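Examining the three-dimensional arrangement
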Amino acid sequence: MIPCSSERLPGATTLLLRHCHQRHFLAWCIERQIELVHIQPGKPQQDGYAESFKGKLRDECLNVSWFENLWDARGKIAAWQKEFNEERPHSALGYQTPAEFARQLLSQVANVV
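Overview of the structure. Since we're looking at a predicted model, the values are computed, not measured.

This part covers the packing of helix α2 (residues 48-62) against helix α3 (residues 70-87). Helices that pack against each other are described as a pair by the angle of their axes relative to one another and the distance between those axes. The contact between α2 and α3 brings their axes to 11 Å, and the two run at 125°. Judged by the inter-axis angle, α2 sits oblique to α3. For the element pair α2 and α3, the recorded crossing hand is right-handed. Taking contact as the criterion, the partners of F53, K56, L57, E60, C61 and L62 in α2 are, on α3, K76, I77, W80 and F84. Classifying every residue of the contact of α2 with α3 by side-chain character gives 7 nonpolar, no polar and 3 charged.

Let us look at the pattern of salt bridges. Under the counting rule described, the total for this entry stands at 7 salt bridges. As a salt-bridge pair, E31 and R32 come within 3.3 Å of each other at their nearest N and O atoms. By relative accessible area, E31 is classed as exposed at 62%. Here the residues in one salt-bridge network are E60, E83 and R88, joined through shared partners.

Rules of the game
- Residues numbered from 1 in each chain as written.
- Predicted model: local features only at pLDDT ≥ 70, side-chain atom pairs only at ≥ 80, totals over all residues.
- Heavy atoms only, no water.
- Axes fitted to C-alpha atoms, helices over the stretch in contact; angles between N-to-C directions.
- Helix = DSSP H or I, 4+ residues; strand = E, 2+ residues; numbered from the N terminus.
- Parallel < 35°, antiparallel > 145°, perpendicular 65-115°, else oblique.
- Left-handed = near helix turned anticlockwise from the far one by under 90°.
- Contact = heavy atoms within 4.5 Å.
- Nonpolar A, V, L, I, M, F, W, Y, C, P; charged D, E, K, R; others polar.
- Salt bridge = Lys/Arg side-chain N within 4 Å of Asp/Glu carboxyl O.
- Buried < 20%, exposed > 50% of the residue type's maximum accessible area, 1.4 Å probe, protein only.

This is how it looks when you write it as structure tokens:
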């Protein structure tokens, strides 16, 4: 997944995507007529979600792990990613795990329909 945030400026008909200079993403945006707004150098706060994630990855996985080789690194990072995405409570989700939040959301949608 490409870390990015999106916004629609007041009165604008164009969706703006703010991203971290992913070059392979450019053709996809041009095809869909999406205007890219690049993060200015030295302004990481312009994409706080991605910077927060990168900080957690660095502090909780990369700085505390010793990687013997590329395969070892991939395995340890994948285990951290699974724990982060599936098992850990997130404050943005009301301190629920993503799985709990998804179940709650699906039950709410089922009750509406």
